[in-house]
Amino acid sequence: KNQVEQSPQSLIILEGKNCTLQCNYTVSPFSNLRWYKQDTGRGPVSLTIMTFSENTKSNGRYTATLDADTKQSSLHITASQLSDSASYICVVRPFKAAGNKLTFGGGTRVLVKP
Amino acid sequence: GAGVSQSPSNKVTEKGKDVELRCDPISGHTALYWYRQSLGQGLEFLIYFQGNSAPDKSGLPSDRFSAERTGGSVSTLTIQRTQQEDSAVYLCASSPTQGLGGELFFGEGSRLTVL
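Reading the values: the criteria
- Residues numbered from 1 in each chain as written.
- Chains lettered and ligands numbered in written order.
- Predicted model: local features only at pLDDT ≥ 70, side-chain atom pairs only at ≥ 80, totals over all residues.
- Heavy atoms only, no water.
- Pairing = 2+ DSSP bridges.
- Helix = DSSP H or I, 4+ residues; strand = E, 2+ residues; numbered from the N terminus.
- Axes fitted to C-alpha atoms, helices over the stretch in contact; angles between N-to-C directions.
- Phe/Tyr/Trp six-rings, centres within 6.5 Å; stacked < 30°, edge-to-face > 60°.
- Buried < 20%, exposed > 50% of the residue type's maximum accessible area, 1.4 Å probe, protein only.
- Lys NZ or Arg CZ within 6 Å of the ring centre and 35° of its normal.
- Contact = heavy atoms within 4.5 Å.
- Buried area = accessible area lost by both parts, 1.4 Å probe.
- Salt bridge = Lys/Arg side-chain N within 4 Å of Asp/Glu carboxyl O.
- Polar contact = N/O pair within 3.5 Å; in protein donor to acceptor, adjacent residues only side chain to side chain.

Student: Explain the sheet that holds strand β1 (residues 5–7) of chain B to me, and be specific about the residues and the numbers.
Tutor: Residue and element names in this part refer to chain B. What the four strands build is an open sheet, ordered β1-β3-β7-β6; its pairing is antiparallel. Two strands in the sheet have a free side with no partner beyond their single neighbour: β1 and β6 (65–69). Looking at each pair of strands side by side, their axes are set apart by 15° on average, direction ignored. For β1 and strand β3 (residues 19–24), the ladder comprises three bridges, and the chain directions are antiparallel. Bridging from a neighbouring strand, Gln6 pairs with Cys23 of β3.

Student: How would you summarise the packing of aromatic side chains if you had to cite specific residues and measurements?
Tutor: The way to describe two aromatic rings as a pair is by their centre distance and the angle between their planes. Taken as a whole, this structure holds nine aromatic pairs over all chains when the rule is applied. On the numbers, 6.1 Å between centres and 55° between planes, the contact of A:Phe30 with A:Phe52 is tilted. Here A:Phe30 is found in strand β4 (residues 30–38), whereas its partner A:Phe52 is found in the loop between β5 (45–51) and β6 (56–59), with 22 residues between them in sequence. With a relative accessible area of 53%, A:Phe52 lands in the exposed category. Taking 6.0 Å as the distance between ring centres and 70° as the angle between the ring planes, the aromatic pair formed by B:Tyr35 and B:Phe45 counts as edge-to-face. Taken together, the positions of B:Tyr35 in strand β4 (residues 31–37) and B:Phe45 in strand β5 (residues 43–50) put the pair ten residues apart, joining distant regions of the chain. Each member of the pair B:Tyr35 and B:Phe45 is classed as buried. An aromatic cluster is built from A:Tyr36, A:Phe104, B:Tyr33, B:Tyr35, B:Phe45, B:Tyr48 and B:Phe106, whose rings are joined through pairwise contacts. Lying over the aromatic face of A:Tyr62, A:Arg61 brings its terminal NZ or CZ to 5.7 Å of the ring centre.

Student: A description of the interface of chain A and chain B should follow, citing residues and the corresponding values.
Tutor: In this complex, chain A contributes 21 residues to the contact, which on the side of chain B involves 19 residues. For the pair chain A and chain B, the summed buried area comes to about 1500 Å², and 50% of that belongs to carbon and sulfur atoms. There are one salt bridge connecting chain A and chain B. For B:Glu108, the salt bridge goes to A:Arg42, with nearest N and O atoms at 2.4 Å. At the boundary of chain A with chain B, the tally comes to three residue pairs in polar contact (both at pLDDT 80 or more). Counting residues per element, the ones that place at least two in the side of chain A that touches chain B are β4, β5 and β9 (86–94) of chain A.

What follows is the structure, given as structure tokens:
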């Protein structure tokens, strides 16, 4: 069964500090991996997308990495801001599968404190 | 607006009542999804529409749940004889491609509370 596991479930960091979120998946082969940000009370919004051949992808202060050999991805947040407080969701799409076969991780809830 | 629109944003109902949740996807998006998110939990797939194909209903938790998509655009999720465990946020998303790597654009969700 395809699975996506995220860690930690939650974390608290001080404003200005960095943090790294982890995503381990068993989906194989896979087409792409996305990180979504979900603000409280809002729908998720895509931050980055990575295909099998990509190792790093940045979007402002967000940097995603991918190790297809170990089936791990990470999302690094640099110089955190209060607005980074949200849930971050890792989503993996199997190769050549229809869009409804996306596998969602349970998310990591990040709280940035001043 | 240009985004996915969901209504109502909040719905409080009594156990046993029927509810309808509406989703208006981004114009031109062929794929439409419904997900359910319980408090503090991840997204649970419910149903997927792709163009004129038969929908994938494999995620619907019971026969009390149904959904339709009229004219390839607006979708309605119906929950009959609501139960307290149906309380959750129901998220709709649309995608501009036939699902092949397409980004999901989510609405703000409909928060359902069953008393």
